[in-house]
There are 2 protein chains.
Amino acid sequence: MRVVKFREIKREIRILGVDDGSFIHGKGNRAEVIGVVFRGGHWMDGIMFTDIEVDGTDATDRIVEMIVNSPHMGQVRVIITDGLTVGGFNVVDIASLFERTVIPVIAIADKKPDLYEVKKALKNFSDWENRWNSILNAGEMIKINTHKDLNPLYIQIAGISKKDAEEIIVKSATRSRIPEPLRVAHLIASGITHHRNIL
Amino acid sequence: MRVVKFREIKREIRILGVDDGSFIHGKGNRAEVIGVVFRGGHWMDGIMFTDIEVDGTDATDRIVEMIVNSPHMGQVRVIITDGLTVGGFNVVDIASLFERTVIPVIAIADKKPDLYEVKKALKNFSDWENRWNSILNAGEMIKINTHKDLNPLYIQIAGISKKDAEEIIVKSATRSRIPEPLRVAHLIASGITHHRNIL
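Because the structure is predicted, anything quoted here is derived from the model rather than measured.

Conventions we followed
Residues numbered from 1 in each chain as written. Chains lettered and ligands numbered in written order. Predicted model: local features only at pLDDT ≥ 70, side-chain atom pairs only at ≥ 80, totals over all residues. Heavy atoms only, no water. Salt bridge = Lys/Arg side-chain N within 4 Å of Asp/Glu carboxyl O. Helix = DSSP H or I, 4+ residues; strand = E, 2+ residues; numbered from the N terminus. Least-squares fit on C-alpha atoms with pLDDT ≥ 70 in both. Contact = heavy atoms within 4.5 Å. Buried area = accessible area lost by both parts, 1.4 Å probe. Polar contact = N/O pair within 3.5 Å; in protein donor to acceptor, adjacent residues only side chain to side chain. Nonpolar A, V, L, I, M, F, W, Y, C, P; charged D, E, K, R; others polar. Buried < 20%, exposed > 50% of the residue type's maximum accessible area, 1.4 Å probe, protein only. Pairing = 2+ DSSP bridges. Arc of directions from axis to C-beta. Axes fitted to C-alpha atoms, helices over the stretch in contact; angles between N-to-C directions. Parallel < 35°, antiparallel > 145°, perpendicular 65-115°, else oblique. Left-handed = near helix turned anticlockwise from the far one by under 90°. Phe/Tyr/Trp six-rings, centres within 6.5 Å; stacked < 30°, edge-to-face > 60°. Lys NZ or Arg CZ within 6 Å of the ring centre and 35° of its normal.

A. Inspection of the pattern of salt bridges at higher detail. Residue and element names in this part refer to chain A. Here the structure, examined in full by the defined rule, presents 28 salt bridges over all chains. A salt bridge links Arg 39 to Glu 12; its shortest N-O distance comes to 3.5 Å. Linking Arg 39 in strand β2 (residues 30-39) with Glu 12 in the segment before β1 (14-20), this pair joins segments that are 27 residues apart in sequence. A salt bridge links Glu 65 to Arg 62, with the shortest nitrogen-to-oxygen separation between them at 3.4 Å.

Below you can see the structure in the form of structure tokens.
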């Protein structure tokens, strides 16, 4: 796969953190997905929204649309996603997300996913092989320590070297072990959907 | 009026920035209001939501409710609002907001409001005198320069000394002339409502 080369990871590199809100399980339901543009691990520059089908197959398409239609397209240098799925088992194909936006992607997992369990769960879907292939497409799981004494993160990458991905993750994890764009995307996405679900 | 004394303005003092999203004019319509909890001018700690009637009179009540029912009550040391109105002419009575939350309030205006024009517009409402009294209740307009070479801000305060308010505004305006909690509340509120209005 092609890889974008970073000559230098600037302190204020624009990073898009993507996370989903909470959602109600069930066929046809939608889950909100938000993108937060950050300058490095430092301050917020913008926000974008989309929504995807719970347990559907439109996550990659909708996230590509959200990004290319946003005024931040052309400025965002890297995308960080919360794992490989949104809205249940709607798989984000990070290789395809990279190919279609030409922005490198780093998927972060809080702990090492149990692929055996993932595969077992996917087998509930008639199209499980496509979903499973998108998961395999994300490639090798790389362990990263953002802070001494804190648990490591596990990342998968598309369109970026391990070394550059690691540097971006470590530099942007300024307030916790999670990169700031993703931490804040999570705060906002859960806040919005909690508010909406209790209305 | 009682004034909360700050022995020291800590770098990471918890500040709540409150702003409204865009809304559609018309009787009975609602406008979204969000609160963003920040540590000083540095990083985001939480988010809260409410909604108020466009051109209604429930802003103070709903914002008090939003704050006292949030898990951040007891931690937020100061509230910063974007001016004295949300959702059109729904006036936030900052003196009452302070009395009912016991959290000092600073209302910020980007430029000096033209009180003659405000009064003229308020006269379209049958209860204009109540609204006008809430505006007068906010007291003196104080000019503050957060950054040399940038335009000043104008603030009104409740429950806090001029000196403490000025220090909080200057210290939290880390990325622009606007305090970071309010800048980010504005980014999120406009983003959410833009998204919703085009859905």
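B. Focus on the relation of the copies chain B and chain A. With an axial shift of 0.0 Å and an RMSD of 0.0 Å, the rotation relating chain B to chain A amounts to 180°. The transformation just described matches what one would write down for a two-fold rotation axis. A symmetric contact is evident, with 100% of the interface residues of chain B recurring at the interface of chain A.

C. Layout of the interface of chain B and chain A. Tallying the contact residues gives 21 residues for chain B and 21 residues for chain A. For chain B, the biggest contributors to the area lost against chain A are Met 44, Arg 175 and His 195 of chain B; these three give 30% of the whole. Counting every contact that joins chain B to chain A gives zero salt bridges. Where chain B touches chain A, the interface holds two residue pairs in polar contact (both at pLDDT 80 or more). Put simply, the parts of the chain that give the side of chain B that touches chain A at least two residues each are β3 (43-53) and α6 (180-198) of chain B. With nine residues, the single largest contributor to the side of chain B that touches chain A is α6 of chain B. Here the side of chain B that touches chain A is built from residues that sort into nine nonpolar, five polar and seven charged.

D. Seen up close, the side chain of Asn 90 of chain A. All names here are of chain A. Within the secondary structure, Asn 90 sits in strand β6 (residues 90-91). Look at Asn 90 and you get buried, because its relative accessible area is 0%. Within the structure, the side chain of Asn 90 is placed 2.8 Å from the backbone oxygen of Glu 53, a separation counted as a polar contact. A polar contact of 2.9 Å, which involves the side chain of Asn 90, links it to the backbone nitrogen of Ala 59. Asn 90 has contacts with Ile 52, Glu 53, Asp 55, Gly 56, Thr 57, Asp 58, Ala 59, Leu 84, Thr 85 and Arg 131, leaving out every residue within four places of it along the chain.

E. Molecular detail of the pairing of strand β7 (residues 105-109) of chain B. Residues and elements named next belong to chain B. β7 sits mainly inside the fold: five of its five residues count as buried. By the alternation rule, side chains of β7 split into Val 105, Ala 107 and Ala 109 and Ile 106 and Ile 108, which are all buried. Here four bridges tie strand β4 (residues 78-82) to β7, and the two strands are oriented parallel to one another. From the neighbouring strand, Ile 79 faces β7, where its bridge partner is Val 105. Examined bridge by bridge, β7 and strand β9 (residues 153-158) share five bridges and lie antiparallel to one another. When the bridges of β9 are listed, Ile 106 appears paired with Ile 157.

F. Just helix α4 (residues 128-137) of chain B, in detail. Residues and elements named next belong to chain B. Among the residues of α4, Arg 131, Trp 132, Ser 134 and Ile 135 are the ones counted as buried. The buried residues of α4 all sit within an arc of 155° when viewed along its axis, so they share a single face. Within α4, the exposed residues directed more than 90 degrees away from the buried face are Glu 129 and Asn 130. Where the residues of α4 are buried, they touch β6 (90-91), α3 (115-122) and β9.

G. Quick peek at the packing of α3 of chain B against α4 of chain B. All names here are of chain B. Where α3 meets α4, the axes come as close as 9 Å, and the angle between the chain directions of the two elements is 155°. By the angle between their directions, the pair α3 and α4 is classed as roughly antiparallel. The two elements α3 and α4 cross, and the hand of that crossing is right-handed. On α4, the residues touching Leu 115, Val 118, Lys 119 and Leu 122 of α3 are Trp 128, Arg 131, Trp 132 and Ile 135. Counted by class, the contact of α3 with α4 contains six nonpolar, no polar and two charged residues.

H. Seen up close, the environment of Thr 60 of chain B. Residues and elements named next belong to chain B. Residue position: Thr 60 is located in helix α1 (residues 59-68). The spacing of Thr 60 and Ala 109 is 49 residues in sequence and 18 Å in space, taken between C-alpha atoms. With residues near it in sequence (within four places) discarded, Thr 60 still touches Val 91, Val 92, Asp 93, Ser 96, Leu 97 and Arg 100. A distance of 3.0 Å separates a polar atom in the side chain of Thr 60 from the backbone nitrogen of Asp 93.

I. Main features of the sheet that holds strand β8 (residues 142-144) of chain A. Residues and elements named next belong to chain A. With mixed pairing, the seven strands of this open sheet are ordered in space as β3-β2-β1-β4-β7-β9-β8. Unpaired on one side and paired on the other, β3 (43-53) and β8 mark the two borders of the sheet. For this sheet, the mean angle separating the axes of adjacent strands, direction not counted, is 25°. Pairing analysis gives four bridges linking β1 to strand β4 (residues 78-82), with the strands arranged parallel. Bridge pairing in β4 places Val 18 opposite Thr 81. Its contacts with the sheet place helix α2 (residues 94-101) against β4, β7 (105-109) and β9 (153-158), and it is angled at close to 45° to β9.

J. Highlighting the packing of aromatic side chains. According to the stated counting rule, one finds two aromatic pairs over all chains in the structure shown. One residue, Arg 131 of chain B, lies across the ring of Phe 125 of chain B, its end atom 3.9 Å from the ring centre.

K. Looking closely at the environment of Glu 8 of chain A. Examined against the element boundaries, Glu 8 of chain A turns out to sit in the segment before β1. Along the sequence, Glu 8 of chain A and Ala 121 of chain A sit 113 residues apart, while their C-alpha atoms lie 40 Å from each other.

Purely spatial values, then, with no claim about function.
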